[in-house]
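Below are the chains, spelled out letter by letter.
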Number of protein chains: 2
Amino acid sequence: MEDLTAAVIGRLDTTPDPRLREIMQALVRHLHAFTREVGLTDDEWLAGVKFLTATGQMCDDKRQEFILLSDTLGLSMLVDEINHDAGGAATESTVLGPFYVAGAPLRDYGESIALADDAPRAVVSGVVRDPDGKPIPGALLDIWQTASNGRYDVQDPDQPPFNLRGRFHARDDGSYRFVTVRPMCYSIPDDGPVGGLLRATDRHPWRAAHIHAIVSADGYRPVTTHIFDADSDYLDSDAVFGVKESLIRPFVRHDDPAGAARLGVPAPYFTVDHDFVLAPAARRR
Amino acid sequence: MEDLTAAVIGRLDTTPDPRLREIMQALVRHLHAFTREVGLTDDEWLAGVKFLTATGQMCDDKRQEFILLSDTLGLSMLVDEINHDAGGAATESTVLGPFYVAGAPLRDYGESIALADDAPRAVVSGVVRDPDGKPIPGALLDIWQTASNGRYDVQDPDQPPFNLRGRFHARDDGSYRFVTVRPMCYSIPDDGPVGGLLRATDRHPWRAAHIHAIVSADGYRPVTTHIFDADSDYLDSDAVFGVKESLIRPFVRHDDPAGAARLGVPAPYFTVDHDFVLAPAARRR
């Protein structure tokens with residue numbers, strides 16, 4: 001049986017591209033080791049074939065069930081950590097997710113991205129800086145999140161395009177501010193093979209509530225990250241393993257009309273304070 | 001990063017079915033180990049997602065691209081060895097392949113399965129016996145193979161149904177005999193994602209020439225196996241790793257009209273001598 005694994009790996013020896021060779025030989029070694037370790041039966045093998053087939057056939061231009069599978073097996077977060085762990089004081093990264101849309105409107109400091117949502121406002125602000133605390137003027141923040149119904153604009157025909165999406169530049173002192181609503185927990189799509197696997201393994205499909213951000217600036221490593229709501233459910237059991245302690249922030253409630261007026265929002269409202277720290281690009285691997 | 005893997009495995013702890021739990025936890029451990037070992041990049045991860053998606057979308061009621069992928073990675077043969085290695089003197093097993101059709105005509109000793117094929121005849125014969133040499137009367141042999149054009153009946157509208165397929169019972173002395181044509185090498189379907197992967201890894205899609213057999217009898221472990229033609233190309237590089245030394249047999253050419261007449265075939269013809277040895281069912285795991 002060991003001979004078989006060696007034969008398959010040997011057959012890949014002449015793969016012209018050395019990186020593809022490395023990946024395929026490692027894949028075969030790990031795939032065979034897994035299969036041997038569990039003593040996979042014929043029926044289990046066939047169940048695996050059928051699961052992967054159904055996963056592929058669930059995919060279309062709006063749904064990527066294999067990415068969902070990768071997410072729920074922690075693979076997406078692992079690839080993220082391998083490739084985007086800037087280390088040190090830099091803001092930690094987390095999954096991009098399937099709901100990013102490029103080209104969100106560029107908005108001014110303090111503007112709202114809640115084009116159509118009556119929920120209480122959340123004012124998110126902070127500074128974009130380097131690990132030494134030096135502000136990064138002009139840093140670009142690309143922000144997106146669910147509406148207060150737990151859905152993204154692209155999932156919800158009742159929301160206008162780019163609702164709860166916007167791009168902001170940090171000011172000269174590195175500060176940024178935008179107005180939004182509190183994000184909601186939501187279920188990843190669970191009506192396909194991945195949902196079936198979650199149920200069979202006694203897992204829920206919920207993500208902890210979060211605001212997405214991609215923060216970038218010339219000369220720095222960009223970071224794809226979230227701000228998690230400290231009051232959210234599922235912080236300990238996020239379906240895609242995206243939560244990192246350092247990304248959890250309180251949404252602080254305020255009822256004072258004066259503070260509201262100063263920020264240009266109705267009371268009650270919430271404030272969230274979160275700095276983004278970018279590592280210099282020189283540290284990129 | 002190790003924490004992430006532990007978290008995913010921990011999340012599967014409450015899987016109700018203990019076997020599913022074992023398989024999923026091992027899968028996550030090996031999948032993460034592979035990903036970490038090669039340091040999978042974002043682009044490579046996405047290429048993998050796209051490959052798996054295309055593989056699923058290539059599947060329909062006639063084409064199973066994930067089984068083809070399993071075959072070409074040696075996984076199908078590994079699962080076969082895990083589950084069907086009877087050990088000892090029993091005939092070795094190999095892949096079932098995608099071309100088996102149940103319900104082939106039951107034919108008499110010495111009959112031909114070549115309903116429409118003008119190639120020289122091959123007369124295949126031997127004994128079905130147990131590991132001690134005792135004949136197994138009435139053992140059932142389910143036989144199928146390519147026509148001399150390298151195609152199975154189900155791939156070729158010019159062949160009648162069940163061309164080169166037949167079932168035979170061993171006689172009271174365990175002997176069997178059937179008439180066929182020499183099987184041909186053929187390419188596994190290589191117009192899909194798996195074909196692309198074979199080309200990228202400098203591999204050919206050819207299978208060594210073989211006759212398929214499933215041999216079964218009450219009280220014995222059935223065996224799914226091949227008889228390989230010793231003169232075939234690709235015996236050392238079968239695309240699905242199906243060749244085992246013990247299954248290779250010479251197709252011996254004969255030109256004598258008397259021998260041909262005795263077997264009821266035209267000269268020249270070939271003979272193949274191959275015994276099938278079944279392990280007692282008591283040895284089934």
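Structural data are supplied above this passage.
Rules of the game
Residues numbered from 1 in each chain as written. Chains lettered and ligands numbered in written order. Predicted model: local features only at pLDDT ≥ 70, side-chain atom pairs only at ≥ 80, totals over all residues. Heavy atoms only, no water. Contact = heavy atoms within 4.5 Å. Buried area = accessible area lost by both parts, 1.4 Å probe. Salt bridge = Lys/Arg side-chain N within 4 Å of Asp/Glu carboxyl O. Phe/Tyr/Trp six-rings, centres within 6.5 Å; stacked < 30°, edge-to-face > 60°. Helix = DSSP H or I, 4+ residues; strand = E, 2+ residues; numbered from the N terminus. Buried < 20%, exposed > 50% of the residue type's maximum accessible area, 1.4 Å probe, protein only. Lys NZ or Arg CZ within 6 Å of the ring centre and 35° of its normal. Expected span 1.5 Å × (residues − 1). Arc of directions from axis to C-beta.

Visitor: If you had to explain the interface of chain B and chain A to someone new, which residues and values would you point to?
Guide: Opposite the 64 residues of chain B that make contact, chain A presents 64 residues. Broken down residue by residue, the surface that chain B buries against chain A is led by Arg11, Trp45 and Leu73 of chain B, which jointly contribute 12%. For the interface between chain B and chain A, the tally reads 4 salt bridges. A salt bridge links Arg29 of chain A to Glu37 of chain B, with the nearest nitrogen and oxygen atoms 2.7 Å apart.

Visitor: Explain the packing of aromatic side chains to me, using residue names and the numbers behind them.
Guide: Evaluated as defined, the whole model comprises 16 aromatic pairs over all chains. Taking 5.6 Å as the distance between ring centres and 45° as the angle between the ring planes, the aromatic pair formed by Tyr176 of chain A and Phe276 of chain A counts as tilted. Within this pair, whereas Tyr176 of chain A is found in strand β5 (residues 175-181), its partner Phe276 of chain A is found in strand β13 (residues 276-277), the two being separated by 100 residues in sequence. When its relative accessible area of 1% is taken as the criterion, Tyr176 of chain A is described as buried. On the accessibility criterion, Phe276 of chain A (1% relative accessible area) is buried. Arranged with centres 5.4 Å apart and planes meeting at 25°, the rings of Phe168 of chain B and Phe178 of chain B form a pair that is stacked. Remark: Phe178 of chain B occurs in strand β5 (residues 175-181) and Phe168 of chain B occurs in strand β4 (residues 165-169); sequence separation between them is 10 residues. Note on accessibility: Phe168 of chain B and Phe178 of chain B belong to one class, buried. Here the aromatic cluster, defined as three or more aromatic residues joined through ring pairs, consists of Phe168, Tyr176, Phe178 and Phe276 of chain A. Across from the ring centre of Tyr109 of chain B, 3.4 Å away, lies the NZ or CZ of Arg171 of chain B, which sits over that ring. The side chain of Arg182 of chain B reaches across the aromatic face of Phe270 of chain B, ending 4.5 Å from its centre.

Visitor: Kindly report on helix α3 (residues 42-57) of chain B, identifying the contributing residues and their values.
Guide: Here α3 of chain B is 16 residues long and its end C-alpha atoms lie 23 Å apart, about the 22 Å a rise of 1.5 Å per residue gives. What α3 of chain B keeps buried is the set Trp45, Val49, Thr53, Thr55 and Gly56 of chain B. Axial view of α3 of chain B: buried residues confined to an arc of 160°, hence all on one face. Across from the buried face of α3 of chain B, at angles greater than 90 degrees, the exposed residues are Asp43 and Lys50 of chain B. Elements in contact with the buried residues of α3 of chain B: α3 (42-57), α4 (65-72) and α5 (75-84) of chain A together with α4 (65-72) and α6 (193-200) of chain B.

In short, geometric facts, not functional conclusions.
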